[in-house]
Amino acid sequence: MALLTAQDLSLGYDSRIIVEALNFSVNAGDYLCIVGENGSGKTTLMRTMLRLQEPVRGRVLFGDGLKENEIGYLPQQTLVQKDFPASVREIVLSGCQGRCGMRPFYNKEEKALADRNLERMGISELAGRCYRELSGGQQQRVLLARALCATRKALLLDEPVSGLDPAATAGMYGLIKELNREGITVIMVSHDVGAALRYATHVLHIGSSVFFGSKAEYLASEPGRFLRDD
């Protein structure tokens, strides 16, 4: 059974439909990249999958035991978020909020989980630093550690390498691929179609044309034509 299924999904805002009749499914262990033109609805789709926004039509179903509070989410950062005055450890720990329920504090297990994910991302030495003082690549590692505190199953990543230099970009892609190898399902919005083809198992292309299928099928499709011509 699929972890996530979109059925006849139409998205939009202010009574304007951006994209319609989307049908796709994501299975455990997949690495799905969502690509398309600017303004094609990629971030809107991600917010809909997270149930932060209602679809115009259709629905998103969770399956295979996946629950809403078991999805790790790394959104696009705003300038305000980049300047957030909290410690790295506080931000990573906040990813455990979905585990707390009505409890107003983090328990020993949650604190240990945060420490493990700091180590997993190679940023344990930054735990006491202020988030706003970090480089862009370090901040993204912090946010990825936070997302991992929320999930054992699925990560939704919205342009996770936006604004990063080439070295930090390569490092972030490497981390995400390693997490996928460990069994975490990855759904990533990206404007970098070349990277999507390097790392993805499946591609969803939305915009003037719509495609969903494997990486090989995408390369053979009309939306993937310009990559074949490179």
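For the structure itself, consult the block above.
Draft legend 1. A look at the pattern of salt bridges. For the structure on display, the rule yields five salt bridges. Aspartate 115 is the partner of arginine 89 in a salt bridge, and the nearest nitrogen-oxygen pair spans 2.9 Å. Highlighted residues: arginine 89 in helix α3 (residues 88–93) and aspartate 115 in helix α5 (residues 108–120), separated in sequence by 26 residues. Taking the relative accessible area as the measure of exposure, arginine 89 reaches 28% and is therefore partly exposed. Here glutamate 133 and arginine 129 are joined by a salt bridge, their closest N and O atoms 3.5 Å apart. The partly exposed category is assigned to arginine 129, whose relative accessible area is 33%.

Draft legend 2. Summary view of empty space enclosed by the protein. Under the defined criterion, the tally for this structure stands at one cavity of 30 Å³ or more. As for the largest cavity, its lining consists of Leu3, Leu4, Val26, Leu66, Ile71, Ala154, Leu156, Thr185 and Ile187. Breaking the lining of the largest cavity down by element, the ones donating at least two residues are β6 (154–158) and β7 (185–189). Of the residues assigned to the lining of the largest cavity, the class counts are eight nonpolar, one polar and no charged.

Draft legend 3. Fine view of the packing of α5 against helix α6 (residues 136–149). Relative orientation of the contacting elements α5 and α6 amounts to 140°, with a least axis distance of 9 Å. With respect to α6, the element α5 is oriented oblique. As α5 runs across α6, the sense of the crossing is right-handed. Of α6, the residues touching α5 (which contributes Leu113, Ala114, Asn117, Leu118 and Arg120) are Ala145, Leu148 and Cys149. Across the contact of α5 with α6, the residue classes tally to six nonpolar, one polar and one charged.

Cut-offs applied
- Residues numbered from 1 in each chain as written.
- Predicted model: local features only at pLDDT ≥ 70, side-chain atom pairs only at ≥ 80, totals over all residues.
- Heavy atoms only, no water.
- Salt bridge = Lys/Arg side-chain N within 4 Å of Asp/Glu carboxyl O.
- Helix = DSSP H or I, 4+ residues; strand = E, 2+ residues; numbered from the N terminus.
- Buried < 20%, exposed > 50% of the residue type's maximum accessible area, 1.4 Å probe, protein only.
- 1 Å grid on protein atoms, 1.4 Å probe; cavity = no way out; pocket = protein on both sides within 12 Å on 5 of 7 lines; lining within 4 Å.
- Points joined across faces, edges and corners; volume = space filled by probe spheres on them.
- Nonpolar A, V, L, I, M, F, W, Y, C, P; charged D, E, K, R; others polar.
- Axes fitted to C-alpha atoms, helices over the stretch in contact; angles between N-to-C directions.
- Parallel < 35°, antiparallel > 145°, perpendicular 65-115°, else oblique.
- Left-handed = near helix turned anticlockwise from the far one by under 90°.
- Contact = heavy atoms within 4.5 Å.

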